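Each chain is listed here by its residues.
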Amino acid sequence: ESGLYLVATPIGTARDITLRALDVLNSADMLAAEDTRVMRHLLDIHGVPLRGRRILSHHDHNADRSQPILMAALRDGASVAFASDAGTPLISDPGFRLAREAAEADIRIHAIPGPSAPLVALSVSGLPSDRFLFAGFPPATKGQRKTWLKKWAEVDATVILFESPRRVNQTLRELCEIDPDRLTVVARELTKKFEEVIRGKAKELADDPRIAALKGEVVLLLDRATPVQADDDTIRTALRARLALM
Ligand code: SAM
């Protein structure tokens, strides 16, 4: 069937690819990938032949050139399979602009679901999973990060974020300034050989030597904010403090 196929690929273990993903990669008229070498490697591992098809490079920096080519093929009724380097396309990965243009052009979008680091991390975290918020990567500059963290730390949901291993420690320290007792989970190298899940209060993890020496790919998760207990005494004290300021 024609349309845009957004194909999820493994985040570590090569065999974490679905049979349907392989079918689609095998049968699509056109293949596109964030990194063509990564896709070629994936096809090789699973014995999917190219049969003369070329793999078009499509990422944020060349989308101005690649997207019109993909859209023209889609408008012609082709089936186009797109995969990012790892996990689910669009999730802190390229694909959104293409999906939006396809949706606006009434082109059918097919999801080929599979691994995605935020959900894998949530599964192993032991944190509440009934309500969660995926916040993506924190901003790089320190001031912006603090404001950003504070905003999400107040949300009444498990918060999932991506972080570079070099900065996890700093982020935990910043979280300590907001809520040192917040239950926090660091999940690294998920589905890979050195998979590790470290749980503890923010203040404990900030001093944990394992975090200081962290390597690999990391997802950080925060438990939801504990609701403020508004008993009579708390309200009275808060009111007195306000009145004293007037
Ligand atoms: N689209 C991808 C997905 O659905 O999983 C996410 C892509 S994003 C550019 C890459 C980030 O995802 C990494 O920096 C890391 O935070 C997280 N990540 C990806 N694979 C991971 C793994 N195996 N273990 C832990 N985190 C991972």
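Residues numbered from 1 in each chain as written. Predicted model: local features only at pLDDT ≥ 70, side-chain atom pairs only at ≥ 80, totals over all residues.

(A) Representation of the pairing of strand S7 (residues 158-163) in the model. Of all 6 residues that make up S7, 5 are buried, and the element is covered over most of its length. One ladder, built from 4 bridges, connects strand S6 (residues 132-136) with S7; its direction is parallel. Looking across to S7, one finds that Leu133 is bridged to Val159. Relative to strand S10 (residues 218-222), S7 runs antiparallel, the two sharing 5 bridges. Residue pairing across strands places Phe162 opposite Val219, the latter belonging to S10. (Buried ≥ 20, exposed ≤ 12 C-beta atoms within 10 Å, placed from the backbone. Helix = DSSP H or I, 4+ residues; strand = E, 2+ residues; numbered from the N terminus. Pairing = 2+ DSSP bridges.)

(B) Geometry of the site of the ligand. Around the ligand lies a shell of 21 residues, among which Gly87, Ser116, Ala117, Phe162 and Leu190 are the nearest. Residue assignment for the shell around the ligand shows that the elements contributing at least two residues are strand S8 (183-188) and S10. Classifying every residue of the shell around the ligand gives 9 nonpolar, 7 polar and 5 charged. (Near = placed C-beta within 6 Å. Nonpolar A, V, L, I, M, F, W, Y, C, P; charged D, E, K, R; others polar.)

(C) Structural detail: unusual backbone geometry. Look at Leu90: it is not a glycine, yet its phi comes out positive at around 80°. Positionally, Leu90 belongs in the loop between strand S4 (79-83) and helix H4 (96-104). Unlike most non-glycine residues, Thr191 shows phi in positive territory, near 65°. The partly exposed category is assigned to Thr191, around which 16 C-beta atoms lie within 10 Å.

(D) Spotlight on the pairing of strand S1 (residues 3-7). Buried residues dominate S1, accounting for 4 of its 5 residues. Inspection of the sheet shows S1 paired to S4 by 4 bridges, in the parallel sense. Residue pairing in the sheet places Gly3 in a bridge with Ser79 of S4. In terms of strand pairing, S1 meets strand S5 (residues 109-112) through 4 bridges, oriented parallel. Residue pairing in the sheet places Val7 in a bridge with Ile112 of S5.

(E) Up close: the sheet that holds S6. Taking strand neighbours across the sheet as the criterion, the 5 strands line up as S6-S7-S10-S8-S9 in an open arrangement whose pairing is mixed. The open sheet has two edge strands, S6 and strand S9 (196-201), and neither has a second partner. Averaged over all adjacent pairs, the angle separating strand axes in this sheet is 20°, with direction ignored. (Axes fitted to C-alpha atoms, helices over the stretch in contact; angles between N-to-C directions.)

(F) Structural view of the nonpolar core. The biggest cluster of nonpolar side chains holds 28 residues, and the ones touching the most others in it are Ala121, Ile160, Val186, Val219 and Leu221. Mapped by element, the contributors of at least two residues to this core are helix H5 (117-125), S7, helix H7 (168-178), S8, helix H8 (202-206) and S10. Considering each element in turn, this core owes the most residues, 5 residues, to S10. Not counting chain neighbours up to four residues away, the residues in contact with Leu221 comprise Ala121, Leu122, Ser125, Leu127, Thr158, Val159, Ile160, Thr184, Val185 and Ala187. (Core = buried A, V, L, I, M, F, W, Y, C linked by C-beta atoms within 7 Å. Contact = placed C-beta atoms within 7 Å.)

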